[in-house]
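Residue-level structural notes
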Amino acid sequence: MPRNSARTTPPTGTRDDESVYDRRRLRQWLAGEARADGVERRDLLRLLAAAGLATTAGAVTAGFASPALAATGTAGRTTGHTEETGRTGETGEAGRTAQAAAVPGIVKPLPDAWFTSRGTNAETKFEALAGTGHHTPTDRFFVRNHTATPVLDPHDWALTVWGDGLVKDRTAQFTLADLKRLPATTRSAFVECAGNGRSFFTTQQGQTVSGTAWTLGAVGSARWRGVRLGEVLRRAGLSRHAVDVLPRGLDADYVTADGTNLGRVRRPLPLSKALDDVLLAYEMNGEPLPPDHGSPVRVLVPSWVGIASIKWVGDIEVSAQPLYSPWNTDFYRLFGDAYPDEGSAPLTRQTLKSAFELPWNASLEAAAEHRLTGRSWSGAGAVARVDVSTDGGATWRPARLHDTPRRADWVRWSAPWRPAAPGPYTLLARATDTTGRTQPRTTPHNTQGYLFDAVVHHPVQAV
Ligand SMILES: Nc1nc2c(c(=O)[nH]1)N[C@H]1C(S)=C(S)[C@@H](COP(=O)(O)O)O[C@H]1N2
Ligand SMILES: [Mo]
């Protein structure tokens, strides 16, 4: 198979906008130079047609390097299956006790005061962060599992780095001790699910979306310590032909609600991002990574959609050919009336959001002074300012920021408020980031409900 013949220049535009690179990937797939294991041929044909890159379907002669995996790709699938489908939140809530929200597959306790269970996932309650520090305490950090937390023995674990993007197609192995001997980096960053805030497409905008009905708690910020992925790739022998990096989890295969086995959770990362600020993290908030968050090692991709931060990473393919997985084709693109037929480019950066550290319909004493607190974050830049409204958006005033704003992280803020009289109120918080972007009133609909960024209407009662 020809290698890289279509690639005459290094991938560009990948850092803030993957669309240029994505077109290149599609062209290479068309030329038989990209692999798409586990992705249906007709899905790629649809992408190609819509991107104006394919004239007839018959022109496409390649794409699935492995016949076995191609067979997986042709298994029947209904449209509209999505990430985070199936056992969504509603069912989880029913069986909840006052003590703990039971979620099979999550190891840590999920006290009702801190979590809402949503299928295989647990959402952090923002009110549980009130009075905590900058970072989400690890025991309150949301968990998003496609299947279940695998409990791995760190002493038996090793990372395999392999693929034709390494010199001489070689394979390298790193134990946890090997990784810890490499230069360590510590940084603060949030991990946020691309579907965070999804339920507001329905409750605020009256729209139908598929996937877990998160409110705002599918996000957390932690202090991560680990080794730069770039360092590990270089030690493994990165070749100048490498273009994509595909980390894969050791959790079970993900089978969609209609029974299609999509294989292990994995999502290609363009090499430019992999070499930029990505970590292989083995510590979270100063402790070894706990099982639910990827023990012994997870990928940490600052600012990007949570799916990029693969937990329980077992191997990383480094490829000289662009790669696809279901997690950058069917999932994690925006589909819907506001988008081209082939969907948007694969999602990269998270969007802007704000949340109050208050329960929904919280009761606050009327005619008393309160200190409203919350957090705002952006995947594009640091949060520059936050404005708060206590009258449903009629008037706004700036909140006071309590953290130095930084990229890929959130800021805590507060605003005083004295509700004049008893009755219902709607609280709003609206962030603006250093790129100049401000949270809008509404978010254009997309079928899978990703990247909700509109201002959320938070109801409270003054009593
Ligand atoms: N191996 C593996 N990695 C994974 C997932 C998964 O199910 N399996 N879920 C992803 C998704 S969709 C998100 S939002 C984040 C959630 O990270 P957390 O559970 O540590 O909060 O992990 C990502 N990494
Ligand atoms: Mo996610």
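Residues numbered from 1 in each chain as written. Chains lettered and ligands numbered in written order. Predicted model: local features only at pLDDT ≥ 70, side-chain atom pairs only at ≥ 80, totals over all residues. Heavy atoms only, no water.

**What about the overall build of the protein chain?**
In plain terms, the rule: The secondary structure listing takes helices from DSSP runs of H or I that are at least 4 residues long and strands from runs of E that are at least 2 residues long, numbered from the N terminus. Any residue under 20% of the maximum accessible area for its type is buried, any over 50% is exposed, and the rest in between are partly exposed; the area is computed with a 1.4 Å probe on protein chains only. It only takes one pair of heavy atoms within 4.5 Å for two residues to be counted as in contact.
Counting its secondary structure elements, the protein chain contains 8 helices and 21 strands. Buried residues in the protein chain amount to 59% of all 463 residues. Here the contacts in the protein chain between residues at least 6 apart in sequence split such that 73% fall between residues at least 24 apart.

**Some thoughts on the confidence of the model for the protein chain**
This is how the line gets drawn: Per-residue confidence from the predictor is reported as pLDDT, a score between 0 and 100.
Looking at the protein chain as a whole, the pLDDT averages 86, with 82% of positions reaching at least 70. This model gives residues 1–16 a pLDDT under 50, and the stretch forms 33 contacts once residues within four places in sequence are excluded. In the model, residues 55–98 has pLDDT below 50 throughout and makes 95 contacts with residues more than four positions away in sequence or in other chains.

**Some thoughts on the side chain of Thr 160**
With respect to the helices and strands, Thr 160 occurs in strand β3 (residues 158–162). Once residues lying within four places of it in the same chain are set aside, the contact partners of Thr 160 are Thr 171, Ala 172, Gln 173, Gly 314, Asp 315 and Ile 316.

**Describing the site of ligand 1**
The cut-off we apply is this: Proximity criterion: a residue is near a molecule or strand once any of its heavy atoms comes within 4 Å of it. Definition of a polar contact: a pair of N or O atoms within 3.5 Å, with one able to donate and the other able to accept a hydrogen when the atoms are protein atoms, and with sequence-neighbouring residues admitted only if both atoms are side-chain atoms. A 1.4 Å probe and the Shrake-Rupley method give the accessible areas. Residues count as covered only by the protein chains that appear here. Charged residues are taken to be Asp, Glu, Lys and Arg, nonpolar residues to be Ala, Val, Leu, Ile, Met, Phe, Trp, Tyr, Cys and Pro, and polar residues to be all remaining types, Gly included.
Taken together, 20 residues lie around ligand 1, and Phe 142, His 146, Asp 251, Arg 298 and Lys 311 are the ones closest in. His 293 is positioned such that a nitrogen or oxygen atom in its side chain is 2.8 Å from an oxygen atom of ligand 1. At 2.8 Å from an oxygen atom of ligand 1 is found a side-chain nitrogen or oxygen belonging to Arg 298. Protein coverage of the free-state accessible area of ligand 1, which is 530 Å², stands at 100%. Taken together, the residues of the shell around ligand 1 break down into 10 nonpolar, 6 polar and 4 charged.

**Topic: the pattern of salt bridges**
Keep this limit in mind: Salt bridges are defined as contacts in which a side-chain nitrogen from Lys or Arg sits within 4 Å of a carboxyl oxygen from Asp or Glu.
Applying the stated criterion to the full structure yields 13 salt bridges. Arg 181 serves as the salt-bridge partner of Asp 178, at 2.6 Å between the closest nitrogen and oxygen. Of this pair, Asp 178 and Arg 181 both sit in helix α5 (residues 176–181), 3 residues apart, which is roughly one turn of the helix. The exposure class assigned to Arg 181 is exposed, which follows from its relative accessible area of 63%.

**Notes on the sheet that holds strand β12 (residues 313–319)**
Where we set the bar: Strand pairing is assigned whenever DSSP identifies at least 2 bridges connecting the two strands.
One open sheet accounts for 5 strands, arranged β4-β3-β12-β7-β8; its pairing is mixed. The open sheet has two edge strands with one neighbour each: β4 (172–175) and β8 (269–270). With 6 bridges connecting them, strand β7 (residues 244–249) and β12 associate as antiparallel partners. The residue bridging Gly 249 from the neighbouring strand is Val 313, located in β12.

**Considerations on helix α7 (residues 229–236)**
Selection criterion: The arc refers to the directions leading from the helix axis to the C-beta atoms.
For α7, the set of buried residues is Leu 229, Gly 230, Val 232, Leu 233 and Ala 236. Taken down its axis, α7 places every buried residue within 160° of arc, on the same side. One or two steps after α7, the chain reaches Gly 237, where phi turns positive at roughly 100°.

**Quick notes on the environment of Ser 325**
Tracing the sequence through the fold places Ser 325 in the loop between β12 and β13 (353–356). Accessibility expressed as a relative area gives 0% for Ser 325, which makes it buried. Between the C-alpha atoms of Ser 325 and Arg 35, which are 290 residues apart in sequence, the distance is 8.9 Å. Apart from residues no more than four positions distant in its own chain, Ser 325 is found in contact with Asp 37, Val 39, Arg 266, Arg 267 and Pro 268.

**A word on the sheet that holds strand β15 (residues 370–377)**
One open sheet holds the 4 strands; their spatial order is β13-β15-β19-β18, and the pairing between them is antiparallel. Two strands in the sheet have a free side with no partner beyond their single neighbour: β13 and β18 (400–401). Alignment of β15 against strand β19 (residues 410–417), held across 8 bridges, turns out to be antiparallel. Bridge pairing links Trp 377 to Trp 410 in β19.

**A short note on unusual backbone geometry**
Backbone phi values are negative for most residues with the exception of glycine, while trans is the configuration of most peptide bonds. Here the amide bond leading from Ser 295 into Pro 296 is cis, since omega sits at 5°, within 30 degrees of zero. Its place among the elements puts Pro 296 in the loop between β10 (287–288) and β11 (298–300). Phi is positive for Asn 285, close to 50°, though the residue is something other than glycine. Within the element layout of this structure, Asn 285 appears in the loop between β9 (279–284) and β10.

**A short note on the packing of aromatic side chains**
Threshold: Two rings belonging to Phe, Tyr or Trp (six-membered ring only in the last case) form a pair when the distance between their centres is within 6.5 Å. Interplanar angles under 30 degrees mark stacking, angles over 60 mark edge-to-face geometry, and anything in between is tilted. The criterion is that NZ of a Lys, or CZ of an Arg, lies within 6 Å of the ring centre and within 35 degrees of the ring normal, and then a charge sits over that ring.
Within the structure shown, the criterion is met by 15 aromatic pairs. Chaining the aromatic ring pairs together yields one cluster made of Tyr 254, Trp 327, Phe 331, Tyr 332 and Tyr 450. One residue, Arg 430, lies across the ring of Trp 396, its end atom 4.0 Å from the ring centre.

**Side note on the nonpolar core**
Put simply, the rule is: Among the buried residues, those of types Ala, Val, Leu, Ile, Met, Phe, Trp, Tyr and Cys that are joined through side-chain atoms within 4.5 Å form a nonpolar core.
Leu 159, Val 161, Leu 229, Val 232, Leu 280 and Val 313 are the most contacted members of the largest nonpolar core, which totals 44 residues. Of all the elements in the fold, those that place two or more residues in this core are β3, β4, α5, α7, α8 (271–274), β9 and β12. It is α7 that contributes the most residues to this core, 4 residues altogether. In this structure, Leu 364, Trp 413, Tyr 425 and Ala 429 belong to the second largest nonpolar core, which totals 21 residues.

**Considering the environment of Tyr 254**
Note that Tyr 254 resides in the loop between β7 and β8. When the C-alpha positions of Tyr 254 and Asn 145 are compared, they lie 9.9 Å apart, and in sequence the two are 109 residues distant.

**Notes on the environment of Arg 385**
Position of Arg 385 among the secondary structure elements: in strand β16 (residues 383–389). For Arg 385, a relative accessible area of 39% corresponds to the partly exposed category. With 16 residues separating them along the chain, Arg 385 and Leu 401 place their C-alpha atoms 7.6 Å apart. With residues near it in sequence (within four places) discarded, Arg 385 still touches Pro 398, Leu 401, Arg 430, Ala 431 and Thr 432.

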